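Each chain, written out:
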Amino acid sequence: MRKRTLRTIAMAAAVVLAPVLASGQGRYVHANNSPFDNLDPHAVFDVGRAASRINMYDGLYRWVDNPPKMIPWLAESHTVSPDGLTYTFKLRKGVKFHDGSEMTSADVVYTMERMLAMKKGPAGLFLGSIQPGTTQAPDPHTVVFKLKEPSAIFLSTVPEIQVVNAKLVQRNVKDGDHGEGWLSRNGAGTGSFMLRRHDPAVGFIATRFKDHFHGWEAGKKWFDEIEFRSVLDVNTRVLGLIKGDFHGTDGYLPYDQIERLRKESSIQILEDESMRVFYFAFNMSRPPFDNVHFRRALNYAFDYNGFINDILKGSVARNPSPNPNNLWGTPKDIKGYEFDLDKARAELAKANVQLRPITINPLAGFPETEQAAVLFGNALRRIGIEARIEAAPWNIVSDRFRNKDTMHDMVPLWKSTYYADPNNWVGELFTTRHHGGRNTTWYSNAELDRITDEALKLTDQAERAKLYDKAIRHIVDEAVGIFVYNTKWFGPYSNRIGGIRFSPIGNGQEMRWAYFK
Amino acid sequence: MKRIAIVLSRLLWFVPTLLGLIALVFSISHIIPADPVRVIAGDQATAEQIDALRTKLGLDRPLWEQFLSYLARVAQGDLGMSLFSQRPIVEDLMARLPATLELGVSAVLLAVSVGVPLGVVSAVYRNSPLDHVVRVVSVSGLAIASFWLAMELQLLFSMKLAWTPLSGRIAGFPPEPRSGFMIIDALMDGDREALDSALRHLALPTLTLALPAAAQLVRLTRAGVLEVINSNHVLYQRAMGFPGRVIIWKYVLRAAMTATVTQIGLIFGVYVLAGAIVVETVFDWPGIGLFAVNSILRSDYNGIVGFTIWAGLIFIVVNLVVDVVHSFIDPRIVR
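Residues numbered from 1 in each chain as written. Chains lettered and ligands numbered in written order. Predicted model: local features only at pLDDT ≥ 70, side-chain atom pairs only at ≥ 80, totals over all residues. Heavy atoms only, no water.

### What to know about the overall build of chain B
- Each helix and strand counted, chain B has 13 helices and zero strands in total.
- Listing each helix as α and each strand as β along chain B from the N terminus yields α-α-α-α-α-α-α-α-α-α-α-α-α.
- Its C-alpha atoms give chain B principal-axis dimensions of roughly 85 × 55 × 40 Å.
- Out of the 335 residues belonging to chain B, those deemed buried represent 51%.
- Put simply, of all contacts in chain B between residues at least 6 apart along the chain, 75% involve residues at least 24 apart.
- Looking at chain B as shown, the accessible area adds up to about 16,000 Å², and 69% of this sits on carbon and sulfur atoms.
- The distance from the centre of the 26 positive side-chain charges to the centre of the 24 negative ones in chain B is 15 Å. (Helix = DSSP H or I, 4+ residues; strand = E, 2+ residues; numbered from the N terminus. Buried < 20%, exposed > 50% of the residue type's maximum accessible area, 1.4 Å probe, protein only. Contact = heavy atoms within 4.5 Å. Areas by Shrake-Rupley, 256 points an atom, 1.4 Å probe, with all protein chains shown as cover. Lys, Arg positive; Asp, Glu negative; His and termini not counted. Charge placed at Lys NZ, Arg CZ, Asp CG, Glu CD.)

What follows is the structure, encoded as structure tokens:
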């Protein structure tokens, strides 16, 4: 009798566990350079911490692959009104939150209102285009966004509407904090993985959400759990990967660390061109930067090949314009400037301006910016311009940006993206409407403003591409900055990992596609 | 009675010391040209969004006003909210303090148990080859940068010999904390595997912190013993035929320990709390040092000031304990 009971239990266990064991692959461990001390998808928005947002939450659409393409996600489809002001999304039916309740359009409305009220992170994408209180839910599976003015980029920002469980968050609101305190340590999403443990000092573990709307295709492999840990020190991340403590780490390690990892037989380095342009931002508000010949002289004085091939060992791709090479709208024939000190001297002569020492403000802790500044400073001295290099941490540099009087003359830095649209670069970095915000150059040009505004009102991509082509050529011809390279993403992973899908938005940190080989 | 008076007078100094510390750190962290609001608001933030958030966080008010309201909150034990984690600073620090204390206490214990005996031996065998070796090692211990030492120890013991883990406090994701001290939790659970893992993880960060501290103690103990060993009362004890060991370890060491004990208090502040910032970063040790680094990198004012207040408090308490111990070693203080 007892034997039969045991056999029955064993058989039942085998039946229950079979599918789990077939796909059960254990836990993927990722070492990240940013702290996961806040998991709220509407408070956290930096690329370094994308993992908590894109693995535990879902947006209406989702960016995948490279070049990035948007696929339907929580929304199945959308329509745009002829005036380009009303976007209506049809939501997928039967989508479950991690607590088992159904996601409806009321949750999307709450999500948008919450972001606009908090004014943090992703809110910057919507505050300019959506008025609080205007988003509507005519039925449980339809949501309507009304824009203040036509905005062609709205659609490409929709993946950042990471939907939260309205009822659950509202139950945890304290003193009108929009549930920020609670959501910083808890989960309320529909994402592919659901939060199991969170230690703000360490990271988080999330378990595969079996009822995720996208499903888990039979016969395919996937991780049962994902663990993202914050490991601040780059050397410790690299050694941990070599030792096998971690299965993956961030894709923008210093190149000497990538070379070190290449020598390890247990490590694979995935490679892809990203959308992260390295450039020198000019403070155009003061002379001699208001003189186009002076700016062109600076452009001819940067040793692009020396920097890319000798210092960065060819680990990046030359990018002669503000927009990434691999994005639509970027002119394919644009050459930009080359290193030629004779041409630089000739432009300087044409400029005929009073020279003064130029200040360069590289980012402390980002050696590439300091190397670029030193290289540039040496070349400038050869054409008679004195350069003063003063490195400062990002938080100080970003504060100086706010005021044209405190910003240095030049700042070497990167511009990456949260939405793949040409407007993210040429439309934000140099237009008057973004002064004091995303336009840190203080450049203003009525023609450029007109072109980029018009591009925002159109919905036809081919028409928009023509306008951005014109805008980009204008910026390069006017030499409004020195555009150096587009970053390559080198994703270091254990050889055991397969299925990583890199997209410049999210940087390959979405783990639902990945598995142990 | 005198001992209690000493403790009370030290406690009275607590308030102005702490007040000065808060004023200094608050001013420095707010005056440096760094903008946490911009970091919180994100890269995509508009100028209006940044200004609105600044007002919401109260960072647009005059500095003196911010300082006074901060002081009022500190008086009630409220160090404010982290601008990033959205949790009370006290909660964040409390969660991380056991990690730092576990590391700090083990480093001090190791430093004392190695540094004091070596200092004595070095003094007793003055100018012998052993003394020279100990002096070279102790000078090197003081000179070596802790971040370099930490990385070399990782390369040797974790990567080459595979004796110790590379980073973290325990194998895998840490369990839900009870006391927060991994060793105590493992002992309470009778979990030998967890205890073994916790001790192995503790080894390299402890060694990194303990080495310069032990080097300092060697030098001080050696100097103290040399001073006492030539005094008249030691000469008298020798004349009386006391065994050498008794003279050194019972009488000489006690007299020489006055300066060493004071130094232990300083070591806790200088090497353990300050050193923890580097060591916790390299070994990914989730303590208050790592919290301070992240707060500084993101200009989290409340985090920076909160960490400093706590570090100051720990330093003051440790020095109070040192004063009390001092009074036992040298009873003349309380006479």
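Now that the structure has been shown, the text picks up again.
### Observations concerning the interface of chain A and chain B
- With 59 residues of chain A in contact, the opposing surface of chain B contributes 49 residues.
- Summing the contributions of chain A and of chain B, the shared interface buries around 4,400 Å²; its carbon and sulfur component is 53%.
- For the interface between chain A and chain B, the tally reads one salt bridge.
- Note that A:R197 is salt-bridged to B:E176, the shortest N-O span being 3.3 Å.
- Along the contact surface separating chain A from chain B lie eight residue pairs in polar contact (both at pLDDT 80 or more).
- Where the side of chain A that touches chain B is concerned, the elements lending two or more residues are α3 (105-118), α4 (123-126), α7 (180-183), β8 (193-199), β9 (203-208), β10 (225-230), α8 (234-243) and α14 (394-401) of chain A. (Buried area = accessible area lost by both parts, 1.4 Å probe. Salt bridge = Lys/Arg side-chain N within 4 Å of Asp/Glu carboxyl O. Polar contact = N/O pair within 3.5 Å; in protein donor to acceptor, adjacent residues only side chain to side chain.)

### Re the confidence of the model for chain A
- Averaged over every residue, the pLDDT of chain A is 90; residues scoring 70 or more account for 95%.
- Confidence over residues 8-22 of chain A falls short of pLDDT 50; this stretch has zero contacts with residues more than four positions distant or in other chains. (pLDDT = per-residue confidence, 0-100.)

### Considering the confidence of the model for chain B
- Looking at chain B, the pLDDT average stands at 85 and 97% of residues meet or exceed 70.
- Quick note on the complex model: pTM equals 0.83, ipTM equals 0.79.

### Considerations on the sheet that holds strand β5 (residues 86-91) of chain A
Residues and elements named next belong to chain A.
- Taken in spatial order, the four strands make up an open sheet running β4-β5-β7-β6, and their pairing is antiparallel. Looking along the sheet, the strands with just one partner apiece sit at the ends: β4 (75-80) and β6 (136-139). Going across the sheet, the axis of each strand differs from the next one's by a mean of 25°, ignoring polarity.
- Pairing of β5 with strand β7 (residues 142-146) involves five bridges; the strand directions are antiparallel. Counted as the bridge partner of Y87 is F145 from β7.
- Of the strands in this sheet, β5, β6 and β7 touch α3, which is tilted by about 30° from β7. (Pairing = 2+ DSSP bridges. Axes fitted to C-alpha atoms, helices over the stretch in contact; angles between N-to-C directions.)

### A short note on the packing of aromatic side chains
Residues and elements named next belong to chain A.
- Scanning the entire structure with this criterion turns up 39 aromatic pairs over all chains.
- Plain terms: the ring middles of Y300 and Y337 are 5.2 Å apart, the flat faces sit at 80° to each other, and that makes the pair edge-to-face. Taken together, the residues span a long stretch of sequence, with Y300 in helix α10 (residues 292-300) and Y337 in the loop between β13 (317-318) and α12 (341-351) at a distance of 37 residues. Accessibility classification places Y300 together with Y337 in one group, the buried group.
- Taken together, the ring pairs in this structure connect F278, F280, F302, Y304, F307, F366, F376, W414 and Y485 into an aromatic cluster.
- The ring of W513 carries R501 above its face, with NZ or CZ at 4.3 Å from the centroid.
- Its guanidinium or amino end placed over the ring of W216, R512 lies 4.2 Å from that ring's centre, counting from NZ or CZ. (Phe/Tyr/Trp six-rings, centres within 6.5 Å; stacked < 30°, edge-to-face > 60°. Lys NZ or Arg CZ within 6 Å of the ring centre and 35° of its normal.)

### Considerations on the side chain of A:H212
All names here are of chain A.
- Tracing the backbone shows H212 in the loop between β9 and β10.
- Residue classification places H212 among the buried residues on the basis of a relative accessible area of 3%.
- Discounting chain neighbours no more than four positions away, the residues touching H212 are D58, W73, T190, G191, S192 and R512.

### Side note on helix α17 (residues 461-478) of chain A
Residues and elements named next belong to chain A.
- Taking 1.5 Å as the rise per residue, α17 with 18 residues should run 26 Å; its terminal C-alpha atoms sit 25 Å apart, in good agreement.
- Of the residues making up α17, those classed as buried are R464, L467, Y468, A471, I472, H474, I475 and V476.
- Along its buried surface, α17 packs onto α15 (426-429), α16 (446-457) and β17 (482-494).
- Directly after α17, the chain includes A479, whose backbone phi takes a positive value near 55°. (Expected span 1.5 Å × (residues − 1).)

### Describing the packing of helix α5 (residues 89-124) of chain B against helix α11 (residues 244-282) of chain B
Residue and element names in this part refer to chain B.
- Packing of α5 against α11 brings their axes to within 8 Å, and their N-to-C directions diverge by 140°. Relative to α11, α5 is oriented oblique. The way α5 lies across α11 gives a crossing that is right-handed. Two secondary-structure elements touch here, α5 through T100, L101, L103, G104, V108, V112, V116, P117, V120 and V124 and α11 through I248, W249, L253, M257, T260, I264, F268, V272, V279 and E280.
- When the residues that make up the contact of α5 with α11 are grouped by side-chain class, the tally is 16 nonpolar, three polar and one charged. (Parallel < 35°, antiparallel > 145°, perpendicular 65-115°, else oblique. Left-handed = near helix turned anticlockwise from the far one by under 90°. Nonpolar A, V, L, I, M, F, W, Y, C, P; charged D, E, K, R; others polar.)

### Topic: the layout of surface pockets
- Considered as a void within the structure, the second largest pocket measures approximately 810 Å³ in volume.
- As for the second largest pocket, its lining consists of 30 residues, and the residues nearest its centre are B:L57, B:G80, B:M81, B:S82 and B:Q86.
- Listed by contribution, the elements that provide at least two residues to the lining of the second largest pocket are α7 of chain A together with α1 (2-31), α4 (63-75) and α13 (301-329) of chain B.
- Element by element, the count of residues in the lining of the second largest pocket is highest for α4(B), at four residues.
- Tallied by class, the residues present in the lining of the second largest pocket amount to nine nonpolar, twelve polar and nine charged. (1 Å grid on protein atoms, 1.4 Å probe; cavity = no way out; pocket = protein on both sides within 12 Å on 5 of 7 lines; lining within 4 Å. Points joined across faces, edges and corners; volume = space filled by probe spheres on them.)

### Concerning the environment of A:R402
- Secondary-structure assignment places A:R402 in the loop between α14 and β16 (410-415).
- Residues A:R402 and A:L458, 56 residues apart in the sequence, show an inter-C-alpha distance of 31 Å.
- Contacts of A:R402, omitting those with residues within four sequence positions, involve A:W442, B:D35, B:R38, B:I50, B:D51 and B:R54.

### Details of the side chain of B:D131
All names here are of chain B.
- Residue placement: D131 occurs in helix α6 (residues 129-143).
- Given a relative accessible area of 0%, D131 falls into the buried group.
- If near-sequence neighbours (up to four positions away) are discounted, D131 is found in contact with S122, Y125, R126 and R222.

### Let's talk about the pairing of β7(A)
Residues and elements named next belong to chain A.
- Where burial is concerned, most of β7 is hidden: four out of the five residues are buried.
- Sheet analysis places β6 next to β7, joined by two bridges and oriented antiparallel. Counted as the bridge partner of Q136 is V144 from β7.
- The loop that links β6 with its antiparallel partner β7 comprises two residues.

### Observations concerning empty space enclosed by the protein
- Considering all chains together, one arrives at four cavities of 30 Å³ or more under this definition.
- Quantified by volume, the largest cavity comes out at close to 210 Å³.
- Surrounding the largest cavity, 21 residues form its lining, A:I54, A:R62, A:W63, A:I505 and A:G506 being those nearest its centre.
- Elements that contribute at least two residues to the lining of the largest cavity include exactly α2 (50-56) and β2 (61-64) of chain A.
- The volume enclosed by the second largest cavity comes to roughly 140 Å³.
- Lining of the second largest cavity is provided by 18 residues; of these, A:P35, A:P200, B:R96, B:F291 and B:N294 occupy positions nearest its centre.

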